[in-house]
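Residues per chain are reported as follows:
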Amino acid sequence: MESSFSFGVTLAVLASLIIAVNALVAVAVLLLIHKNDGVGLCFTLNLAVADTLLGVAISGLVTDQLSSPPRPTQKTLCSLRMAFVTSSAAASVLTVMLIAFDRYLAIKQPLRYFQIMNGLMAGSCIAGLWFVSYLIGFLPLGIPIFQQTTYQGPCSFFAVFHPRFVLTLSCVGFFPALLLFVFFYCDMLKIASTHSQQIRKMEQAGAMAGAYRPPRTPGDFKAVRTVAVLIGSFTLSWTPFLITGIVQVACQKCSLYLVLERYLWLLGVGNSLLNPLIYAYWQKEVRQQLYQMALGVKKGLASFLLLLSARDGSPEGPRESSCAITTISHSQLDGE
């Protein structure tokens, strides 16, 4: 009982953080899209939306874990919940793959990128991504071999889905996607190194001609760095869960469900919390937009405090106190 309650508390905290952080990044990216109208930012927004939906989906499991005594959920309802969780997780993983392909295409075909990846193509990719994600998530509901023959609450992934479903996802989806990730990264690194060498040669030629400019870091390496961090986060989060699920299929006598559901599954879900943190830290434009949003909130709070002090102060006091608050707040904002 205590283990179930602690798991429920952990799940509740994780779901709250995933929803809050991804919603904040989604608002920042939405404002950036309104300013810049960038196609690549649409994929980043889709990643934040998918991770937010995953947080909402797992929050429905919290009540089952925190109820005392544990409240059993009907198998049909539990299957639908886990289907939505799986669909959102699949959408998140596929969006990371789409972002990697988008950066790869921008580096591989820089002159034709905006012709290939236009608004229609980006919308089609996102629509197809969600169709495939829900197809993956609801696949066990239509295939009996992917379902557990017996069901005992509380609701969890392996309470309704058989480890054969994890084996199929690993062989058909995860490991091929991981190989494709590695291919994208290696080719992007090769192209970025070639561009860096070309820039150095141009700078050396300019220095010899007397028009030397200080060296700069190619933007290609920033894209390679972001993709590398996303791939590493994706791999470290989901690989233990999928490999242990394969071991559970191969070893029927092994009882690994507790480790899979209480620890490794949470590790994979935690990837949805890492994704927005990666973009908030590594992407300069997202970081600047979040900073501007923080400044806007700071100015709003300062104005609100000024209004309260003006209403609660004496007839002679408000002007002096408000002037003092105004001077402090503006000096702080200018110092930023």
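Here the structure is a predicted model, which means the values were calculated and not measured.

Rules behind the numbers
- Within any chain, residue numbers begin from 1 and follow the written order of that chain's sequence.
- Only residues with pLDDT of at least 70 get local features here, since the model is predicted, and only at 80 or more are side-chain atom pairs given and counted; chain-wide, interface and lining totals rely on the full set of residues.
- Each side-chain value is worked out from all heavy atoms of the structure, with water and hydrogens disregarded.
- UniProt positions are given in the numbering used here, feature names are shortened, and annotations may be inferred rather than shown by experiment.
- Strands here are runs of E lasting at least two residues and helices are runs of H or I lasting at least four, both read from the DSSP assignment and numbered beginning at the N terminus.
- When the sulfur atoms of two cysteines come within 2.5 Å, that pair is taken as a disulfide.
- Working definition of a nonpolar core: buried Ala, Val, Leu, Ile, Met, Phe, Trp, Tyr and Cys residues. They are joined through side-chain atoms within 4.5 Å.
- Partly exposed describes any residue whose relative accessible area lies between the buried limit of under 20% and the exposed limit of over 50%, with all areas from a 1.4 Å probe on protein chains only and scaled to the type maximum.
- Contacts are residue-level and defined by heavy atoms, with any inter-residue pair within 4.5 Å sufficient.
- Centres within 6.5 Å make a pair out of two Phe, Tyr or Trp rings, where for Trp the six-membered ring is used; the pair is then stacked when the planes are under 30 degrees apart, edge-to-face when over 60, and tilted otherwise.

J.: Where do I start with the UniProt feature "transmembrane region" (unreviewed entry) in the chain in this structure?
T.: Mapped onto this structure's residue numbering, the UniProt feature "transmembrane region" (unreviewed entry) falls at residues 6-33, 40-62, 82-101, 122-145, 165-186, 223-243 and 263-282. In residues 82-101, helix accounts for 100% and strand for 0%; the two terminal C-alpha atoms are 28 Å from one another. Spanning residues 122-145, this segment combines 83% helix with 0% strand, and its end C-alpha atoms are found 35 Å apart.

J.: What is the right way to look at the state of the cysteines in this model?
T.: Note on terminology: disulfide describes a covalent bond linking the sulfur atoms of two cysteines. Within the structure shown, the criterion is met by two disulfides. Put simply, Cys78 and Cys155 are joined by a disulfide, and their sulfur atoms are 2.0 Å apart. Between Cys78 and Cys155, the disulfide has an S-S torsion of 90 degrees and is therefore right-handed. One end of the pair, Cys78, is in helix H4 (residues 75-108); the other, Cys155, is in the loop between helix H7 (139-142) and helix H8 (157-160), and 77 residues separate them in sequence.

J.: What exactly am I supposed to notice about the nonpolar core here?
T.: Among soluble globular proteins, nonpolar side chains are generally buried collectively. Counting residues in each nonpolar core, the largest one holds 65 residues, and the members touching the most others are Leu11, Ile58, Met82, Phe157, Trp238, Phe241 and Trp265. Broken down by element, this core gets its largest block of residues, 14 residues, from H4. If we skip the residues at most four places from it in the chain, Trp265 touches Phe7, Leu11, Ile58, Leu61, Met82, Val85, Phe157, Phe241 and Leu260. Ranked by size, the runner-up nonpolar core spans 13 residues in total, among them Ala28, Leu32, Leu41 and Met293.

J.: Where do I start with the environment of Tyr113 in this structure?
T.: Tracing the sequence through the fold places Tyr113 in helix H5 (residues 113-116). The spatial distance from the C-alpha of Tyr113 to the C-alpha of Asp102 is 8.9 Å, given a sequence separation of eleven residues. With residues near it in sequence (within four places) discarded, Tyr113 still touches Gly40, Asp102, Arg103, Leu105 and Ala106.

J.: How should I be thinking about the packing of aromatic side chains in this particular structure?
T.: Between two aromatic rings, the relevant description is the distance of the centres plus the angle of the planes. Under the counting rule described, the total for this entry stands at 18 aromatic pairs. Ring centres 6.3 Å apart and planes at 80 degrees place the aromatic pair Phe84 and Tyr134 in the edge-to-face group. Taken as a pair, Phe84 in helix H4 and Tyr134 in helix H6 (residues 119-137) lie far apart in primary sequence, 50 residues in all. Residue class for Tyr134 comes out partly exposed when judged on its relative accessible area of 30%. Between Tyr113 and Phe114, the ring centres sit 5.1 Å apart and the planes meet at 75 degrees, which makes this aromatic pair edge-to-face. Of the residues examined, Phe114 reaches a relative accessible area of 67% and is grouped as exposed. Three or more aromatic residues joined by ring pairs form one cluster here, namely Phe146, Phe157, Phe158, Phe161, Phe165, Trp238, Phe241 and Tyr257.

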